[in-house]
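Working through the structure, step by step
Letter by letter, the chains look like this.
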Amino acid sequence: MKKLLSLIVLLVFAFGVTGCASKGVTVEEIQARGKLVVATNAEFPPFEYLEGTQIVGFDIELAKAIAEALGVTLEIKNMDFDSVIASVQSGAADIAIAGLTISEERLASVSFSDSYFDASQVVIVKNDNTTITGTTIETLTSSLEGKRIGVQVGTVGQFFVAGDEGWGFDGIANATLLTYTSGILATEALKNGQIDAVIIDEMPARAFVQNNTGTAIKIVGVPLTVEEYAIAIPKNSDDLVAFINSVLSEMKSDGRFDAITLQFFGTGPTN
């Protein structure tokens, strides 16, 4: 009920602020307003996360560059991950940047920019776990059968475990799926023995393992998926899509993309 009420409030707010989302949003409209509104979920390091009260990360640097190119200020709206697409679709946000994987299912609701990052889902377990392992997707998935698996709600990890025809996932047989509002909470549940594994995107998984204290955890096996991240944009916003793609292209050409990749990942570009 709370989620339903939140969605209703979001839709009412969006309609009152930005009008009918089906008409899309143009570069001119954003520039006239003087503000780019970006939806994200600051629970996904190193793409977006909190340093004190400030939202920072790789994706946030991309958002800053887009706002700068538009000549407007940047407003970041932090929300649950499963609300970011809805916020763009409804018009409550101009774009969403939150480690979003391109999929046919999401393309039915929003448009996407060009891909800017190659990603995958991985499995996190406790260091002393010897039953969940595998050198192929098939053997790793088989070892997860019947296990308690935690995911961040609304993510590809959830669809992989539960099975989803639109995403092309068969699901994991007899697994118990537990959803959490963030990958951090899922990882804490793993450390506390409430679940057997976490399935989440590789880069946040690396951050959780690297920054972990207490019960030791590790990434096991092989990547379960191959994905591409992109920026979600309202349907019928062709000039905004083209503008954002031009900014991404310029950043890759002039070295800014390489610089923020090194800053947040400690390595070169993955796309």
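In what follows, the accompanying structure is described. Remember, predicted model here, so these are calculated numbers, not experimental data.

Cut-offs and rules
Residues numbered from 1 in each chain as written. Predicted model: local features only at pLDDT ≥ 70, side-chain atom pairs only at ≥ 80, totals over all residues. Heavy atoms only, no water. Salt bridge = Lys/Arg side-chain N within 4 Å of Asp/Glu carboxyl O. Helix = DSSP H or I, 4+ residues; strand = E, 2+ residues; numbered from the N terminus. Buried < 20%, exposed > 50% of the residue type's maximum accessible area, 1.4 Å probe, protein only. Pairing = 2+ DSSP bridges. Axes fitted to C-alpha atoms, helices over the stretch in contact; angles between N-to-C directions. Contact = heavy atoms within 4.5 Å. Phe/Tyr/Trp six-rings, centres within 6.5 Å; stacked < 30°, edge-to-face > 60°. Lys, Arg positive; Asp, Glu negative; His and termini not counted. Polar contact = N/O pair within 3.5 Å; in protein donor to acceptor, adjacent residues only side chain to side chain.

Focus on the pattern of salt bridges
Inspection of every chain in the model, using the stated rule, returns seven salt bridges. In this structure, Arg33 and Asp94 form a salt bridge, with 2.7 Å as the shortest nitrogen-oxygen distance. Taken together, the residues span a long stretch of sequence, with Arg33 in helix H2 (residues 27–33) and Asp94 in the loop between helix H4 (84–90) and strand S6 (95–96) at a distance of 61 residues. Accessibility expressed as a relative area gives 3% for Asp94, which makes it buried. When the shortest N-O distance is used, the salt bridge between Glu61 and Lys64 registers 3.3 Å. Separated by three residues within a single helix, Glu61 and Lys64 lie in helix H3 (residues 58–70), roughly one turn from each other. Given a relative accessible area of 24%, Glu61 falls into the partly exposed group. We classify Lys64 as partly exposed; its relative accessible area is 38%.

Digging into unusual backbone geometry
Most peptide bonds take the trans form, and the phi angle of most residues other than glycine is negative. Following Pro45, the chain continues into Pro46 via a peptide bond in cis, with omega recorded as 5 degrees. Relative to the assigned elements, Pro46 resides in the loop between strand S2 (43–44) and strand S3 (48–51). At Asn174, a position not held by glycine, the phi torsion is positive, near 60 degrees. Mapped onto the elements, Asn174 comes out in the loop between helix H7 (156–162) and strand S11 (176–180). Judged by its relative accessible area of 69%, Asn174 is exposed. With phi around 60 degrees, Asn236 is a residue other than glycine that occupies positive phi space. Its place among the elements puts Asn236 in the loop between strand S15 (232–233) and helix H10 (238–254).

Quick word on the sheet that holds strand S9 (residues 121–126)
Pairing is mixed across the open sheet formed by five strands, whose spatial order is S11-S10-S12-S9-S13. At either end of the open sheet lies a strand with only one pairing partner, and these are S11 and strand S13 (217–220). Taking the axes of each pair of neighbouring strands and ignoring which way they run, one obtains an average angle of 30 degrees across the sheet. Where S9 lies against S13, four bridges are found, and the strand directions are antiparallel. Its bridge partner being in S13, Val125 is matched across the sheet by Lys218. In the packing of helix H9 (residues 202–210) onto the sheet, the strands contacted are S9, strand S12 (197–201) and S13, and the crossing angle to S12 comes to about 125 degrees.

What about the packing of aromatic side chains?
Counting across every chain of the model gives 15 aromatic pairs. Here the aromatic rings of Phe44 and Tyr229 are separated by 6.4 Å at their centres, their planes lie at 55 degrees, and the arrangement is tilted. Of this pair, Phe44 sits in strand S2 while Tyr229 is found in strand S14 (residues 227–229), placing the two residues 185 residues apart along the sequence. The pair Phe44 / Tyr229 is uniform in exposure class, with both members buried. Between Phe58 and Phe117 the ring centres are 6.2 Å apart and the planes differ by 65 degrees, which places this aromatic pair in the edge-to-face class.

Let's talk about the side chain of Ser111
Mapped onto the fold, Ser111 is located in strand S7 (residues 111–112). In this structure Ser111 comes out as buried when scored by relative accessible area, which is 16%. Beyond its immediate stretch of four places on either side in the chain, Ser111 contacts Ile231, Ala232, Ile233, Pro234, Lys235 and Val241.

So, the sheet that holds strand S4 (residues 54–56)
Pairing within the open sheet is antiparallel, and its three strands lie in the order S2-S3-S4. Two strands lie at the open edges of the sheet, namely S2 and S4, each paired on one side alone. Strand direction decides the pairing type here: S2 and S3, joined by two bridges, are antiparallel. Counterpart to Phe44 in the pairing with S3 is Glu48.

Some details on the side chain of Lys77
Among the structural elements, Lys77 can be located in strand S5 (residues 73–78). We note that Lys77 is buried and unpaired, the nearest opposite charge coming from Glu75 at a distance of 4.6 Å. Within the local environment of Lys77, its side chain forms a polar contact with the backbone oxygen of Ala92, the two atoms lying 3.3 Å apart.

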